[in-house]
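Architecture and fold: a report
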Amino acid sequence: MSVRTNPSQFQAGTAVIPATQVEITVSCRGLMDMDAFSKSDPICVLFTKDIKMNQFFEFGRTEVIKDSLNPDFAKKFIMNYFFEESQKIKFEIYDIDTPSARLADQDFLGRLECTLGEIVGAPGGKFERPLIRTGGNCGKIIVRAEELANCKELFTLQFKGINLDKKDFFGKSDPYLEFSRANEDGSFTLTHRTEVIKNTLNPTWAPFQVMARTLCNGDPDRTIRVQCLDWNRSGRPDFIGEFNTNFRELTKGDSSKNHFQVIDSQKQAKKKKYVNSGEIVLLSCKVDIQHTFLDYVQAGTQLNVTVAIDFTASNGNPSTPNSLHYVSAYGAPNQYASAIQAVGEIIQDYDSDKLFPALGFGARLSDGTVSHEFPLNFNPNSPFCAGINGILETYYNALRSVQLYGPTNFAPCVRHVARFATQYRDGSHYFILLIITDGVITDLPQTIEAIVEASFLPLSIIIVGVGDADFEAMNVLDGDDVRLSHQGKQAVRDIVQFVPFRDFTSRYGQNISICQAALAKEVLAEIPDQFLSYMRMNGINPKKQ
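Residue positions are counted from 1 within each chain, in the order its sequence is given. Local features in this predicted model are restricted to residues whose pLDDT is 70 or higher, and side-chain atom pairs enter the listing and the counts only when it is 80 or higher, whereas totals over whole chains, interfaces and linings include all residues. The side-chain quantities take in all heavy atoms of the structure and omit both hydrogens and water.

Taking an unreviewed UniProt entry as the reference, the chain is identified by name as C2 domain-containing protein belonging to Potamilus streckersoni. UniProt positions are given in the numbering used here, feature names are shortened, and annotations may be inferred rather than shown by experiment. Under the UniProt heading Sequence similarities (unreviewed entry), the entry covering the chain gives this text: "Belongs to the copine family."

**Considering the overall build of the chain**
Helix and strand assignments come from DSSP, with helices taken as H or I runs of at least 4 residues and strands as E runs of at least 2, each series counted from the N terminus. A count of helices and strands for the chain gives 13 helices and 28 strands. Projected onto the principal axes, the alpha-carbon positions of the chain cover approximately 95 × 80 × 45 Å. Counting across all 545 residues of the chain, residues that qualify as buried make up 50%. Residues are treated as being in contact if the distance between any of their heavy atoms lies within 4.5 Å. Counted over contacts in the chain with a minimum sequence separation of 6, partners at least 24 positions apart contribute 71%. Of the accessible surface of the chain, which amounts to about 25,400 Å², a share of 49% is contributed by carbon and sulfur atoms. Residue exposure (1.4 Å probe, protein chains only): buried if accessible area is under 20% of the type maximum, exposed if over 50%, otherwise partly exposed. Surface exposure here means Shrake-Rupley accessible area, sampled with a 1.4 Å probe, where a residue is shielded only by the protein chains that are shown.

**Some words on a nonpolar patch on the surface**
Patch definition: residues with relative accessible area over 30% and no salt bridge; like charges joined within 9 Å; nonpolar side chains (Val, Leu, Ile, Met, Phe, Trp, Tyr) joined within 5 Å. Salt bridges are defined by distance alone: a side-chain nitrogen of Lys or Arg within 4 Å of a carboxyl oxygen of Asp or Glu. A surface patch of nonpolar side chains, amounting to about 220 Å² of accessible area, comprises Phe456, Val492 and Met537. Checked against the element boundaries, valine 492 lands in the loop between strand E27 (489-490) and strand E28 (496-500).

**Description of the pairing of strand E4 (residues 77-80)**
Burial along E4 is one-sided: the residues Phe77 and Met79 are buried and none of Ile78 and Asn80 is. The pairing of strand E1 (residues 21-29) with E4 spans four bridges and is antiparallel. Bridging across to E4, glutamate 23 finds its partner in isoleucine 78. A strand pair is defined by DSSP finding two or more bridges across the two strands.

Pasting the structure below:
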């Protein structure tokens, strides 16, 4: 019996892409010997942290390796990796002395806490750190991360039909193809649907691209079912026929093995002279390696983050509690500090020197000038801050050293970072500008022009709106729906992501840690795709190590 898919979900040229997965491999060297008459029998246990509960939960365990202080664990941990999240993880090593599954019954050898980003961001994917345990040196842990290789193959396929069955009373057929991969239980999962070709029995469909992980999950012999259907205005397609193939056969290209008989099994059972319901021919098959964000990061591409902070008077007097720049005596961060922490804590894992330029705009300086692009540390020759704490410390100091003024101009800061990005078009560096602002932008035309020019560069812009202002203009800059253009020149890619902080405070209340995690996930979600769009647009491949 042929499977009919829901016609209301028809969208030509779509494909479902699962999350990126990384394989974690663990080794240890120089572990403590806890056994009197032999060496330790180590096991590694991985924990992941639930940000909402602020608690670690066990993710998995390796096998136990007998009598070894330098184990190489064979069992891997397979984890979903999300660039936009700070995925906190913990490794604990135990010496297994009893049959009990309770870790409390075993000897503790050491632990390491880090983020998954630190591991995948390490050069070559190798992350090496000392284990922590009370009592001094207890050895080291070596963690390697590798994105699963079968997630990188990109198919470009094109098919045509020959003499397909006529299904329409007043016409011919409106055929399209649906590709589904076989599941272990015998069912099939839809992975791709072509466009409809109207009123023809001999269609030639446009070339389409689909990842191997989507089409067959990287298994070259996994059955791929192809159904040929006739589109109907009613939304219920007519079944023309189907055939099966696999990755291995498709990669042989236009050959006799890729000339398929389209079979309707019900017709075949009823009609003795039935031959087929037409034929489908593979015109071309090209397989490329689709480099991922991790490929570039592990090959050495550095992410460089610049923070730009709004010092306009609309923020309110910093000494009053209702100001967006108010620094509480009780240590609670304001929305500016929360945004810096949320984004910075993730980005810093991918920056080797952890030195971040920080700018301010819209302030009157001590010499009476109004600046829309000044270094927060007031050192134009070295505007760098050491880590996220350094940015926060410099920000708080600047609040005491300038007068909030105005107006709200973005273009100078955008052009400031663009000047640096212009010097690194080879893929060795990628720049991210984080703008935190409370107000309505006053130089919108100039900012649009600067963004259009920057779209050609290795640069992404994140804008976080704080407070309750009208941020309608910011949605114009975020070109998800309509690509930005200035005087007839269009941005070559979308490089801006805008998010109002109030969306998270209203959703999660005053739980700052959850607000920060949700904010970071939202604003950073588009960075990997923006990053890859630049690399692919310019034909840049990861550098070989």
